[in-house]
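One letter stands for each residue in the lines below.
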Amino acid sequence: MSKEYLGDTIDIHAGGVDLIFPHHEDEIAQSEAASGKTFARFWMHAEFLLIEGTKMSKRYGNFLTARDLRDSGWDAAAVR
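As the structure is a computational prediction, the values presented were derived from the model and not from experiment.

**Comments concerning a nonpolar patch on the surface**
On the surface, a nonpolar cluster with roughly 460 Å² of combined accessible area is contributed by Met1, Tyr5 and Leu6. Position of tyrosine 5 relative to the elements: it lies in helix 1 (residues 2-6). Tyrosine 5 gets classed as exposed once you look at its relative accessible area, which sits at 62%.

Okay, here's the thing in structure tokens:
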């Protein structure tokens, strides 16, 4: 799908640190084997956000939305 809309090589691919292995490594291998070209120029992996020492996740029900932060009085620039 990315090849159809973005071409053989994309500039940036991002995800959580939990996707580095095996998901992203498999994605690279499959895409580059099919096209013969670099799949992504840059990979960015973000660490997890922690809520009271636990990974923020819909599964745990401990996630916050931008609206939650705004309603709690957080400044938009600080959240950004």
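**A word on the pattern of salt bridges**
Within this structure, the stated rule accounts for four salt bridges. The salt bridge involving lysine 3 is made with aspartate 8; its shortest N-O contact spans 3.5 Å. Owing to a relative accessible area of 24%, aspartate 8 belongs among the partly exposed residues under this scheme. Notably, a salt bridge pairs aspartate 71 with arginine 70, separated by 3.3 Å at the nearest N-O pair. By relative accessible area, which is 57% here, aspartate 71 ends up exposed. The exposure class of arginine 70 is exposed, given its relative accessible area of 54%. Through salt bridges with shared partners, a single network forms among Lys3, Asp8 and Lys37.

**Thoughts on the environment of leucine 19**
Tracing the backbone shows leucine 19 in the loop between strand 1 (10-16) and helix 2 (20-35). With a relative accessible area of 30%, leucine 19 lands in the partly exposed category. C-alpha separation for the pair leucine 19 and histidine 45, spaced 26 residues apart in sequence, amounts to 8.1 Å.

Calculation notes
- Residues numbered from 1 in each chain as written.
- Predicted model: local features only at pLDDT ≥ 70, side-chain atom pairs only at ≥ 80, totals over all residues.
- Heavy atoms only, no water.
- Patch = residues over 30% accessible without salt bridge, like charges linked within 9 Å, V, L, I, M, F, W, Y side chains within 5 Å.
- Areas by Shrake-Rupley, 256 points an atom, 1.4 Å probe, with all protein chains shown as cover.
- Salt bridge = Lys/Arg side-chain N within 4 Å of Asp/Glu carboxyl O.
- Helix = DSSP H or I, 4+ residues; strand = E, 2+ residues; numbered from the N terminus.
- Buried < 20%, exposed > 50% of the residue type's maximum accessible area, 1.4 Å probe, protein only.

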